[in-house]
Structure formats: C-alpha cells, structure tokens
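Coordinates in review
Below are the chains, spelled out letter by letter.
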Amino acid sequence: MSVFVATYLLGAWGGQALFIAPDLGAALWPPSGLFLAALLLCANSRRPWFIVVGAVTDFVASFLIFGFPAGLSVAIAVGNTLEAAAGAYLLRRWTGSDFRLEGTASVFAFTLLAALASPLLSTAVGGTAMSFHTGQPLLSAWKLWWTGDAVGVLIFTPLVLFLFRKQRAAVQDDPPAGLAEIILMLCVLLLGGHVVWLPPYPNEFFLLPVLIWIALRGEFLTIVFANFLVTLQAVLYTQHGYGSFASDPSLETRQLLTQSFIMAAALTGLVLAGQACQRRKSILELQAARNAAEAALASAERARASAEEASRVKSQFLANMSHEFRTPLNAVIGLSHLLHQRAMPADMARFVTHIQHAGEQLLALTNDVLDLSRIEAGELRLEDVPFALMPLLDAVQAMVRTQADAKSLPLWLDVAAGVPPRLVGDPLRLRQVLLNLLGNAVKFTAAGQVTLRLEVVAREAGWIRLRFEVADTGIGIAAEQQQRIFEPFVQGDSSTTRRFGGTGLGLSIVRRLVDLMGGTLQLQSQPGQGSVFSVELPFRVG
C-alpha cells in the first residue's frame, strides 16, 4: 500500500513536467494508469482499501502539489477514482477473472473499456470542475482532460502490469528476441527518435517501423518500455519546440497532435505485440499437440508390437500344446478302437464307444485350436497342387453323411455345368472349409435338407472363380449375431452352445482360410428359415 501511495504521488509530481503548454495542463496524466494498474493487481479483498487510499492520495496530490482549492481537489479525486474503479470493473467483467494482456482481444478490450470509455467519467466530473475553475470552454476542457487521461492509461497501465505481475504463460515473458536484440531495439528507438524530432526534416512517423520491429520481436515485454520512451520523446521534444508538431502556432493543437501521435503509436505497438504473442502461442500449442500426437503414436506402436508379440507367444503356446495333446489323444482313440473290436459285455462296449467318441471330439477341437493358432501366427502355408474336384466333394459328403442319415436329412450335391474336373490349389484347405460348413449345416438342421451347390462365377486366362454354397433349412441366425459368429469361440447365443455343443472355432477358421486363399465369404440367414453360406475362391484350371 505504501508503495502505491509513493508511486502515485511521484507520478503526479512527474506529470507536471509532461506538458506542452503550462496553461493547458499535463499532456498525459500518469496517475490514471497507475491507479488502474493497482486495482487490477490487487486482490479482491483489498480492492476497496486501494480505492479509498487512491482517492485520498489523489486529493492530496491536487491540493498540495498543484495547489488547487479543496473543492476542486475533491472533484478531481472523485472523477479519477470513478475512472479507475470503472476500468478495473469492466476489464474483470470481460475476462471473468484477473485481466492480463495476452493477445489481440485483450488489447482491444483494454483500449475500448479502460483507455477510451472509463476516462469519460473522470472527464465529466474533473474536467467540468476544472472548466468552472479556470473559465476554459467546457468542450475544450473535456477534450484536453480526456486525452490526457487516455494517454496516461495506455502508457502506464501496461508498463506497471508487466513490471509487477508475472503473466500467465511463458509466451509473454520470453519473447523471440534475446536480451541483446532488445537492448539494440531500444537503442535504435532512442537514437532514431532523436534524429526524427530534429531539423531539417522532422517526421515523427518514421519511428513506426522501429515500433513494429519491437512489437513483433520483443512482444509485450518490450513494447511497453518502447511506448514509454516514445511518449517521453514526443512530449519533451515538442515542449522545447522540436518536431513537426511544434511548428503549429496553437499550443492546444500542438498538445492534441502530440497526444494523438502517442495514442496511435501505443495502440499500433500493443496490437501488433498481441498478434505476435497470439501467433507464437498458437505455434507452441500446435507443436505441443504434434509432440503429444507423436508420443501417443509411438506409445500405440509399442502397444501394438507388444500385443503382436503376446499374440505370437500365445499362438506358439497353443500350437505346442496342441501337438502335445494329439499324441496321447491318438493313443486313446487307437486303444479304444482296439478294445471295441474285442468281445466284451454290452455295458463295457458302450463305455468304450463313449471314450472313442469323446477322444475324437477332443482331437477335432485340438486340430481346430492348432489351425487357428497357426493362422494367427502367420505360419499356415497354402499348397498349390493339382487335384480332382469331384472326388474331393464326394469325400466331404461322405464324412458328414453319417450325421445326416442319423437325422434322416437328405444331403444334396448340385454341380453346375462348366465346372472343370481338375483344379490347381490347396485341396486340404478347401476340404476343411467345406467340411466345416457342411458339418454346421447338418448339426443345426433338424428337418428339411442340406445342399452343396457349385457354380462358375468367372473365367480369365487360365484362372477360374468358383462359388460354393452350403444351404440348409435349420434354425437360422439372427441379423445381430451374423457378424459375431465369425469370431473365435463365438456361437449364435449361449442356448446354441447348450443345445448343440461345439466351441465356436469352425466358422472363424473358415473365414480366415477363405481370406488366405484370396476368396470371399458371405452369409444369408433368417431365424427359423435356415442359412446359406457362400464361398467364392479362385483356382487355376488344371
């Protein structure tokens, strides 16, 4: 609080020297910017005390330093206090929290709300009182009062904010320019300012390129000091008769031109600094987002590699275990077959039959797991050998005919004309695909029929594409289950497993084998009406 009072009084005392003509008052009023900055910097709980202390300090400055009457000093203190309080309130309402200069939007808000709008309150109270005290025309008094307060806010509020409060992001505190470049820019500004204000060709606006350089490279941290230096140069040189503004015979016009130049230069610097700061912040955010995306991609790649390794290890384990299972299972099946050929009581023969069937089911499951693990591990290699097609189809039908006869199901084979008798491909995997589809069709069909159709889809330069259709009149598959049934260990629903048994590996193996063979697999089914599985596969004509 004591620092605020001392700085306020020092600013009021120094403001006396910042005039173009003594009778017109100060060209800019530093306490306006200091008061607003103090209210923006202090905590909410201390703001009322700062308002009271600021009002009292302003009265003391007007009464003791400038020697104004008590009534006029009170009016000036009330006007300046209203101005600072309104500016702080409007800026906090705009941000919803503490106000900070961080980009173009904050610069425009600061300019419109604090530098241009709020001084109207002080002008209405203090400027009117000063007009009555000096006899100066009211509009002239308002004009000089408002411009002095507006310039004071534009120059001193940003300067104090950056001196006494660390900004939210490092973007504002660490501009692209280094310390050496910042010193060089300020030296160029001082030297250039000295040159452009002196005869024979004074032109103050030659300083604008230097200010643009400072704003774009030094951003807020440097432009607030540059604006302060330009303000001192403009006021002091014009005060001593240097520069193009001093050539005007009217002192009031000189002051207004000087104030207008300071406001234009300050606004140009602050807006460009806001744009540069916002652009660099966007670049940093984009870089951070890209780094995060690259890190996420690298993490996903590591996770994918880990998952692939885990899948490979799992598949290798299953393959090894499946091989280990097959040896004792073959022994169980073989020994049960030998026992079944020996004379034994009926109940023991039934037990041996059950053992043999259980062993065969377990061996089929083991073979399925082995095939699936080999496919997932990428170790399954397709053959490319000539084979006769019709014997293969007959063999597949023969393998499921026993189950079909047990249900009194007709098993039909419909081969269209034009199907070549010999092909070149992988007969083992084709038999496995058809056997799985026919076995499922027989398993899930209680009445009706099961049909295997074969037709030519396309021919091209020694290649032929065949469509194998397995149609049944069984229980059918609901639409919502038709994609899931091709996943490992999945059947239509839990009741299907309970009623018909099975592991849910057959269709998963079929789909993967068809993909390996370069074919397509389609399903058409409705619950209660049966299913049609269509497989299209390419072969060379043998």
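What this report covers is the structure whose coordinates are included nearby. For clarity, every value in this text was computed on a predicted model and none was experimentally measured.

1. Examining the overall build of the chain
- A count of helical and extended segments in the chain gives 16 helices and 7 strands.
- Taking 24 Å as the expected radius of gyration for a compact globule of 542 residues, we find that the chain reaches 46 Å, considerably beyond that expectation.
- Each of the three principal axes of the chain carries a C-alpha extent, and together these read 135 × 55 × 40 Å.
- Across the 542 residues of the chain, 44% fall into the buried class.

2. As for the packing of aromatic side chains
- Under the defined criterion, the tally for this structure stands at 10 aromatic pairs.
- Here the aromatic rings of Phe156 and Phe228 are separated by 5.8 Å at their centres, their planes lie at 75°, and the arrangement is edge-to-face. One end of the pair, Phe156, is in helix α7 (residues 138-164); the other, Phe228, is in helix α10 (residues 208-239), with 72 residues separating them in the sequence.
- For the ring pair Tyr237 and Tyr242, a centre distance of 6.2 Å and an interplane angle of 70° mean the geometry is edge-to-face.

3. Some details on the nonpolar core
- Core analysis: the biggest nonpolar cluster contains 61 residues, and Phe110, Leu189, Trp197, Phe220 and Ile223 have the highest contact counts within it.
- For this core, the elements supplying multiple residues, two or more each, are α1 (2-15), α2 (30-41), α4 (70-95), α5 (104-117), α7, α9 (179-197), α10 and α11 (251-340).
- Counting residues in each nonpolar core, the second largest holds 44 residues, with Leu380, Ile464, Phe468 and Phe486 among its members.

4. Let's talk about the side chain of Ser106
- Along the chain, Ser106 turns up in helix α5.
- Of note is the side chain of Ser106, whose polar atom sits 2.9 Å from the backbone nitrogen of Glu102.
- Excluding its chain neighbours within four sequence positions, the residues that come into contact with Ser106 are Trp94, Phe99, Arg100 and Leu101.

Cut-offs and rules
- Residues numbered from 1 in each chain as written.
- Predicted model: local features only at pLDDT ≥ 70, side-chain atom pairs only at ≥ 80, totals over all residues.
- Heavy atoms only, no water.
- Helix = DSSP H or I, 4+ residues; strand = E, 2+ residues; numbered from the N terminus.
- Rg over C-alpha atoms; globule rule 2.2 N^0.38 Å.
- Buried < 20%, exposed > 50% of the residue type's maximum accessible area, 1.4 Å probe, protein only.
- Phe/Tyr/Trp six-rings, centres within 6.5 Å; stacked < 30°, edge-to-face > 60°.
- Core = buried A, V, L, I, M, F, W, Y, C linked by side-chain atoms within 4.5 Å.
- Polar contact = N/O pair within 3.5 Å; in protein donor to acceptor, adjacent residues only side chain to side chain.
- Contact = heavy atoms within 4.5 Å.

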